[in-house]
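Breakdown of the fold
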Amino acid sequence: MFLRRLSVKLPLSRRFLSSNSNHDLSSTIAELNKEMESVFGEPSSKGPASSASNVYMAQQAQFGTHKGVESPVGLTHIGSTGEAQMVDVSLKESSKRTAIARCKVILGKKVFDLVLANQMAKGDVLGVAKIAGISGAKHTSSLIPLCHNITLTNVRVDLTLKPEDFSVDIEGEAVSTGKTGVEMEAMTAVSIAGLTIYDMCKAASKDIQISDVRLEHKTGGKSGDWYREK
């Protein structure tokens, strides 16, 4: 009765392959059963098939079943063996995509007053930062290696001085019709605009901070519309 269990768990023992030819079949089986009992213990009353099934189920519970199971949330830029990869969007449907991002540049009172009065040595801080943000959005795929090189139909960058905390609020919007989103383009726009403000003003202060770079809203694509919770 242990012969089936033996075929599940182990190859035939070399010892029994070289048994004395004078042993008859019944004594060989009895000796083999004793050998298996020493390995597996007493047999279950449900028989060898049930025992093998129990062993299999225990292994499944311990190690889990991975075949055909995918994480509900996947990282699409990571391949099956953990390597970086570009996402293939060739089978996706084209749709209008929009994304809005924001960030804040904290200037401090001294620099804020200089920017407000347009007295920085390098010139029009907000005007240059606006153009830099638009240009940055158009070069996103060159800056971030796994982003797709997409055709943008519009990029908007607005900069607003905030006297209550001596900062500049930057909002960027990217628009495209295609097979992949424009979130990275919008966030790149506000990030490059913020860095440009720092470059334009760094001679007056090194305490300038760029903070709160974030996506606020996106539309289009398979995942649909998304809004940041207030």
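Check the entry above for the structure.
All of these numbers come straight from a predicted model, not from anything done at the bench.

Take empty space enclosed by the protein next. For the coordinates displayed, the defined rule picks out two cavities of 30 Å³ or more. Estimated volume of the second largest cavity: approximately 40 Å³. Where the lining of the second largest cavity is concerned, the elements lending two or more residues are α6 (125-138) and α7 (140-143). Looking at the lining of the second largest cavity residue by residue, the class counts come to three nonpolar, five polar and two charged.

Here the focus is the layout of surface pockets. Roughly 780 Å³ of volume is contained in the largest pocket. Taken together, 26 residues line the largest pocket, and the ones lying closest to its centre are Thr 76, His 77, Lys 92, Thr 180 and Gly 181. Where the lining of the largest pocket is concerned, the elements lending two or more residues are β1 (95-106), α8 (183-201) and β4 (209-219). Sorting elements by how many residues they give to the lining of the largest pocket places α8 first, with three residues. Taken together, the residues of the lining of the largest pocket sort by class into seven nonpolar, 12 polar and seven charged.

Two elements, strand β2 (residues 152-162) and strand β3 (residues 167-178), share 10 bridges in a ladder whose sense is antiparallel. Directly across from Arg 156, in β3, lies its bridge partner Glu 173. In this antiparallel pair of consecutive strands, β2 and β3, the connection spans four residues, and Phe 166 shows a positive phi of 50°.

Nonpolar side chains collect at one region of the surface, where Leu 195, Ile 210 and Val 213 lie side by side and expose about 240 Å² of accessible area between them. As for its placement among the helices and strands, Val 213 is situated in strand β4.

The subject of this paragraph is the packing of α6 against α8. For the pair α6 and α8, interaxial distance at closest approach is 7 Å and the crossing angle is 145°. The handedness of the crossing between α6 and α8 comes out as right-handed. Facing α6, whose interface residues are Val 125, Val 128, Ala 129, Ala 132, Gly 133, Gly 136 and Ala 137, α8 presents Glu 185, Thr 188, Ala 189, Ile 192, Ala 193, Thr 196, Ile 197, Met 200 and Cys 201. Residues of the contact of α6 with α8, tallied by class, amount to 11 nonpolar, four polar and one charged.

So, about the side chain of His 148. Relative to the elements of secondary structure, His 148 occurs in the loop between α7 and β2. According to the relative accessible area criterion, His 148 is buried, its value standing at 17%.

Turning our attention to the packing of aromatic side chains. For the coordinates displayed, the defined rule picks out one aromatic pair. Centroid distance Phe 112 to Phe 166: 5.7 Å. Interplanar angle 70°. Geometry classified as edge-to-face. Here Phe 112 is found in helix α5 (residues 109-116), whereas its partner Phe 166 is found in the loop between β2 and β3, with 54 residues between them in sequence. What makes Phe 112 buried here is its relative accessible area of 3%.

Moving on, we come to α6. An α-helix turns once per 3.6 residues; consequently, residues spaced three or four apart project the same way. Along its 14 residues, α6 runs 20 Å from first to last C-alpha, staying within 8% of the 20 Å computed at 1.5 Å per residue. Taken residue by residue, α6 has Val 125, Ala 129, Ala 132, Gly 133, Gly 136 and Ala 137 as its buried positions. The arc that holds every buried residue of α6, seen down its axis, measures 135°, which confines them to one face. Projecting away from the buried face of α6 at angles above 90 degrees are the exposed residues Ile 131 and Lys 138. Looking at the buried side of α6, the elements it contacts are α5, α7, β2 and α8. Of the residues that open α6, the one with a side-chain oxygen 3.4 Å from the backbone nitrogen of Leu 126 is Asp 124.

Cut-offs and rules
Residues numbered from 1 in each chain as written. Predicted model: local features only at pLDDT ≥ 70, side-chain atom pairs only at ≥ 80, totals over all residues. Heavy atoms only, no water. 1 Å grid on protein atoms, 1.4 Å probe; cavity = no way out; pocket = protein on both sides within 12 Å on 5 of 7 lines; lining within 4 Å. Points joined across faces, edges and corners; volume = space filled by probe spheres on them. Helix = DSSP H or I, 4+ residues; strand = E, 2+ residues; numbered from the N terminus. Nonpolar A, V, L, I, M, F, W, Y, C, P; charged D, E, K, R; others polar. Pairing = 2+ DSSP bridges. Patch = residues over 30% accessible without salt bridge, like charges linked within 9 Å, V, L, I, M, F, W, Y side chains within 5 Å. Areas by Shrake-Rupley, 256 points an atom, 1.4 Å probe, with all protein chains shown as cover. Salt bridge = Lys/Arg side-chain N within 4 Å of Asp/Glu carboxyl O. Axes fitted to C-alpha atoms, helices over the stretch in contact; angles between N-to-C directions. Left-handed = near helix turned anticlockwise from the far one by under 90°. Contact = heavy atoms within 4.5 Å. Buried < 20%, exposed > 50% of the residue type's maximum accessible area, 1.4 Å probe, protein only. Phe/Tyr/Trp six-rings, centres within 6.5 Å; stacked < 30°, edge-to-face > 60°. Expected span 1.5 Å × (residues − 1). Arc of directions from axis to C-beta. Polar contact = N/O pair within 3.5 Å; in protein donor to acceptor, adjacent residues only side chain to side chain.

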